[in-house]
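Below, each chain spelled out in residue letters.
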Amino acid sequence: MPDIPVHTAQYIDKKIKERFIEKLPQYYEGEDKWEIHWSPTQAFERPEDLFWLDFFFNPYEPSQKELGTGGRNRFEGFTQINICVPLNSDIVTNEDPIGTSPAFICSADIERAFKRGDIFNGIQIVKFQEYTSALQVYDDFYFLPVRIFWRADLPN
């Protein structure tokens, strides 16, 4: 894949995905890895075990941050990750008879990897939001959308 110029929104998308791989290897590699649908423009076949993540990159319109041709541009937006898990997959124990959903465990892991105020590769994490009211249930799985809001001032 060719290098993406540092002055584009696609640079931010790539760096957020690289940070996900770096900070959350348990979802990317190993026996218990989840399938990851990195881009809506790529074909994707649902895994049989129904554990997967859907990534959606949503930049807002960039704006001028500084004057002059060498001034930086402000990019803002969010990356939405739909955490998809099978129905009836809650982890129930004697200590926790109500159970904990793998979707909420994954959400907490993502939130720890993308904390508000973190700065990496010139990208600042503005906030993390879990959209429990937008949780969607289907025949054999459900998904929990989470959003990582970000901001970056990149060279023109």
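Each value, and the rule that gives it
- Residues numbered from 1 in each chain as written.
- Predicted model: local features only at pLDDT ≥ 70, side-chain atom pairs only at ≥ 80, totals over all residues.
- Heavy atoms only, no water.
- Core = buried A, V, L, I, M, F, W, Y, C linked by side-chain atoms within 4.5 Å.
- Buried < 20%, exposed > 50% of the residue type's maximum accessible area, 1.4 Å probe, protein only.
- Helix = DSSP H or I, 4+ residues; strand = E, 2+ residues; numbered from the N terminus.
- Contact = heavy atoms within 4.5 Å.
- Patch = residues over 30% accessible without salt bridge, like charges linked within 9 Å, V, L, I, M, F, W, Y side chains within 5 Å.
- Areas by Shrake-Rupley, 256 points an atom, 1.4 Å probe, with all protein chains shown as cover.
- Salt bridge = Lys/Arg side-chain N within 4 Å of Asp/Glu carboxyl O.
- Lys, Arg positive; Asp, Glu negative; His and termini not counted.
- Charge placed at Lys NZ, Arg CZ, Asp CG, Glu CD.

Caption draft 1: Representation of the nonpolar core in the model. Counting 33 residues, the largest nonpolar core has Ile 12, Phe 20, Leu 53, Ile 83, Ile 110 and Phe 114 as the members making the most contacts within it. Breaking this core down by element, the ones donating at least two residues are α1 (9-23), β2 (52-59), β4 (72-86), α3 (102-113), β6 (123-130) and β8 (141-155). Here this core gets 7 residues from one element, more than from any other, and that element is β8. Contacts of Ile 83, omitting those with residues within four sequence positions, involve Trp 34, Trp 52, Leu 53, Ala 103, Cys 106, Ser 107, Ile 110, Tyr 142, Phe 143, Leu 144 and Val 146. In this structure, Leu 50, Trp 52, Cys 84 and Phe 143 belong to the second largest nonpolar core, which totals 5 residues.

Caption draft 2: Representation of a negative patch on the surface. Taken together, Glu 35, Glu 45, Glu 48 and Asp 49 make up a surface patch of like negative charges. Looking at where Glu 35 falls in the secondary structure, it is placed in strand β1 (residues 35-37).

Caption draft 3: Representation of unusual backbone geometry. A positive phi angle is found at Leu 50, which is not glycine, with a value near 65 degrees. Mapped onto the fold, Leu 50 is located in the loop between β1 and β2. Given the relative accessible area of 8%, Leu 50 is considered buried. The phi dihedral of Asn 121 is positive, around 50 degrees, even though this residue is not glycine. Mapped onto the secondary structure, Asn 121 falls in the loop between β5 (119-120) and β6.

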